[in-house]
Amino acid sequence: QVQLVESGGGLVQAGGSLRLSCAASGSIFSIYDMSWYRQAPGKQRELVALISRGGVTNYADSVKGRFTISRDNAMNTVYLQMNSLKPEDTAVYYCKALLGRIVYWGQGTQVTVSS
């Protein structure tokens, strides 16, 4: 079974940056599509960014041009570089691994952006 552990969340001022990391263990990392989701209080969980097993990326319209997803297969880690952060980005951010119908979720890391 794959285990995912997120890190890098915290409190940052509007306009600042954070880099989230998701470290995977227990399987062959390179074969999974990896993504970041976020969920704010009272809101649905939403897809933020995805990077496929082949390295193709997709982003939510709300973060295009500000966030960058990347992966280092040798380190079994996926990253989310978040720049120009806004208060609307405040949420718990979750890492997700997908292979076919098999899904794994991390425990989440809190990101808070102050105005």
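Residues numbered from 1 in each chain as written. Predicted model: local features only at pLDDT ≥ 70, side-chain atom pairs only at ≥ 80, totals over all residues. Heavy atoms only, no water.

Engineer: Go over the sheet that holds strand 7 (residues 67–72) with me, naming the residues and quoting the values.
Structural biologist: One open sheet accounts for four strands, arranged 1-3-8-7; its pairing is antiparallel. Looking along the sheet, the strands with just one partner apiece sit at the ends: strand 1 (3–7) and strand 7. Within this sheet the neighbouring strands show an average axis-to-axis angle of 15 degrees, counted without direction. Where strand 7 meets strand 8 (residues 77–82), six bridges bridge the pair, whose relative direction is antiparallel. If you follow R71 over to strand 8, its bridge partner there is V78. (Pairing = 2+ DSSP bridges. Helix = DSSP H or I, 4+ residues; strand = E, 2+ residues; numbered from the N terminus. Axes fitted to C-alpha atoms, helices over the stretch in contact; angles between N-to-C directions.)

Engineer: So what about the pairing of strand 8? Which residues, and what values?
Structural biologist: Of all the six residues making up strand 8, five are buried; the element is thus mostly covered by neighbouring parts of the structure. Sheet analysis places strand 3 (residues 18–25) next to strand 8, joined by six bridges and oriented antiparallel. Across the sheet, residue R19 finds its bridge partner in strand 8, namely Q81. Hairpin remark: strand 7 followed by strand 8, antiparallel, with four residues in the connecting loop; positive phi at N76, about 55 degrees. (Buried < 20%, exposed > 50% of the residue type's maximum accessible area, 1.4 Å probe, protein only.)

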